[in-house]
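Residue strings, one per chain:
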Amino acid sequence: ALAARALEAHRAPPRVPGASDWAQSTPGPREQPKRALASALCPGDMGNKGAKQTDEWEIDEEDENGISEVMRTQLSRLIIYAESSDVQLQRDVAEKLANEAVKPARQVQIVELGGLELLLPLTHSEDHDVQRLSAHALANLSVNAENQILMADKGGIEMLVHLLGSTNEAVQRQASKAIANMAVNRSNKEKINECGGLDPLISLAGSKSDSVAVEAIAALANLAVNDLNEAEIARLGGLAPILDCAQSSNPDLSCQAARALRNLSCNQSNKEEILKLDGARILQKMTTSKHQRTAKQAARALVNLNVTDG
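Being a predicted model, the structure only gives us computed values, none of them experimental.

Asks: Would you take a moment to explain the overall build of the protein chain for this structure?
Replies: Looking only at helices and strands, the protein chain has 17 helices and zero strands in total. Here the analysis covers contacts within the protein chain between residues at least 6 apart in sequence; of these, 72% occur between residues at least 24 apart. Total accessible area on the protein chain is roughly 13500 Å²; 47% of this is exposed by carbon and sulfur atoms.

Asks: So what exactly am I meant to see when it comes to the confidence of the model for the protein chain here?
Replies: One rule of thumb: low pLDDT means the predicted coordinates there are not for detailed reading. Of all residues in the protein chain, 76% attain a pLDDT of 70 or more, and the chain-wide mean is 80. Scored below 50 in pLDDT, residues 9-57 shows 116 contacts in the model against residues more than four places distant or in partner chains.

Asks: Sorry if this is basic, but what is going on with the pattern of salt bridges here?
Replies: Applying the stated rule across the entire model yields ten salt bridges. Here the residues in one salt-bridge network are Arg-91, Asp-127, Asp-129 and Arg-132, joined through shared partners.

Asks: Help me out: how do you make sense of unusual backbone geometry in this one?
Replies: Only a minority of non-glycine residues have a phi that is not negative, and only a minority of peptide bonds are not trans. One non-glycine residue with positive phi stands out, namely Asp-278, at about 70°. Within the secondary structure, Asp-278 sits in the loop between α15 (268-276) and α16 (279-286). Taking the relative accessible area as the measure of exposure, Asp-278 reaches 34% and is therefore partly exposed. You will see that Asn-306, though not glycine, has its phi angle at about 60°, which is positive. With respect to the helices and strands, Asn-306 occurs in the segment after α17 (292-304). Relative accessible area serves as the criterion here: at 60%, Asn-306 is assigned to the exposed category.

Asks: What is the right way to read helix α8 (residues 169-182) from this model?
Replies: In an α-helix, one full turn covers 3.6 residues, which means residues spaced three or four apart are oriented alike. For α8, spanning 14 residues, the distance from its first C-alpha to its last is 20 Å, which sits close to the expected 20 Å at 1.5 Å a residue. Buried residues dominate α8, accounting for 13 of its 14 residues. Capping the start of α8 is the job of one residue whose side-chain oxygen sits 3.0 Å from the backbone nitrogen of Ala-170: Asn-168.

Asks: I tried to follow the packing of helix α2 (residues 87-100) against helix α5 (residues 128-141) on my own but got confused; where do I start?
Replies: Two quantities define a packed helix pair, namely the angle between the helix axes and the distance between the axes. At a minimum axis distance of 8 Å, the contact between α2 and α5 shows a crossing angle of 20°. Comparing the axis directions of α2 and α5 gives the class roughly parallel. Between α2 and α5 the crossing geometry is left-handed. On α5, the residues touching Val-87, Gln-90, Arg-91, Ala-94, Glu-95, Leu-97 and Ala-98 of α2 are Asp-129, Val-130, Leu-133, Ser-134, His-136, Ala-137 and Asn-140. For the contact of α2 with α5, a count of residues per class yields seven nonpolar, four polar and three charged.

Asks: Hey, could you run me through the packing of helix α7 (residues 156-164) against α8 in this one?
Replies: Here α7 crosses α8 at 145°, and the two axes come no closer than 8 Å. The element α7 and its partner α8 pack so that their crossing is left-handed. Within the contact between the two elements, α7 uses Ile-157, Leu-160, Val-161, Leu-163 and Leu-164 and α8 uses Val-171, Gln-172, Ala-175, Ser-176, Ala-178, Ile-179 and Met-182. When grouped by side-chain class, the residues that make up the contact of α7 with α8 number ten nonpolar, two polar and no charged.

Reading the values: rules and limits
Residues numbered from 1 in each chain as written. Predicted model: local features only at pLDDT ≥ 70, side-chain atom pairs only at ≥ 80, totals over all residues. Heavy atoms only, no water. Helix = DSSP H or I, 4+ residues; strand = E, 2+ residues; numbered from the N terminus. Contact = heavy atoms within 4.5 Å. Areas by Shrake-Rupley, 256 points an atom, 1.4 Å probe, with all protein chains shown as cover. pLDDT = per-residue confidence, 0-100. Salt bridge = Lys/Arg side-chain N within 4 Å of Asp/Glu carboxyl O. Buried < 20%, exposed > 50% of the residue type's maximum accessible area, 1.4 Å probe, protein only. Expected span 1.5 Å × (residues − 1). Polar contact = N/O pair within 3.5 Å; in protein donor to acceptor, adjacent residues only side chain to side chain. Axes fitted to C-alpha atoms, helices over the stretch in contact; angles between N-to-C directions. Parallel < 35°, antiparallel > 145°, perpendicular 65-115°, else oblique. Left-handed = near helix turned anticlockwise from the far one by under 90°. Nonpolar A, V, L, I, M, F, W, Y, C, P; charged D, E, K, R; others polar.

Written as structure tokens, this is what we have:
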């Protein structure tokens, strides 16, 4: 049978929470983004009651132009805020971009109007909340197929690879999720590799945090739908941590690992390495999973390996 790879899906995050409650964030549906439910939090909610609220940040949620009109008229001022040493101003910019980017109609507008110019200094902030919010904004923006091209052209991939190196798990998770989205685009698969994205993703695949590992392996699964990446992921040691995650009791983690193994089992050298690492036994056990998607992906990986699931 011909080796077959898994279809890819956009992995859309939910609306970003306020900076003070990031630990309570939970993943949203993978297929499409959710619409923001409320306006951005006030300075008091952000943990800084003394911060000054500026008129240009008063965005009407019912206004179809929303942040787009603000960016058209105030982009240079917003960039100054983003580059400010005032962490509160940085958080405010990043949070509003993340929340507005949940809305499909805003996603391309934000990028076209210079949103990445705002996010570039934010991704290099020393504050973890600012990093998380900017990574969440990039994840939201990357759901849109047109943005996946625009963002790659405007330095979005380099920003995300930089964020993968954060020591903060929430930042790692959002950056990995955004790269998974970006990697749906065929050209971006190679660009992410060229920018050094594979190595940190493989490291994060071995994270003690299941939520980080899920997103990192989802990104690797999408990136593996490319012959060069498929071989490189294995060469860099990516097969072992993915096989470890395939045995996890976490259904999301085992499912993404099964999909990654399916996509990584087309290359002949990879097939041999997976079998050496006891991959056939692991995948055969996965075919009995009560989770249908995991079982199907594992079965297809076994077909690629020319191993029966009996």
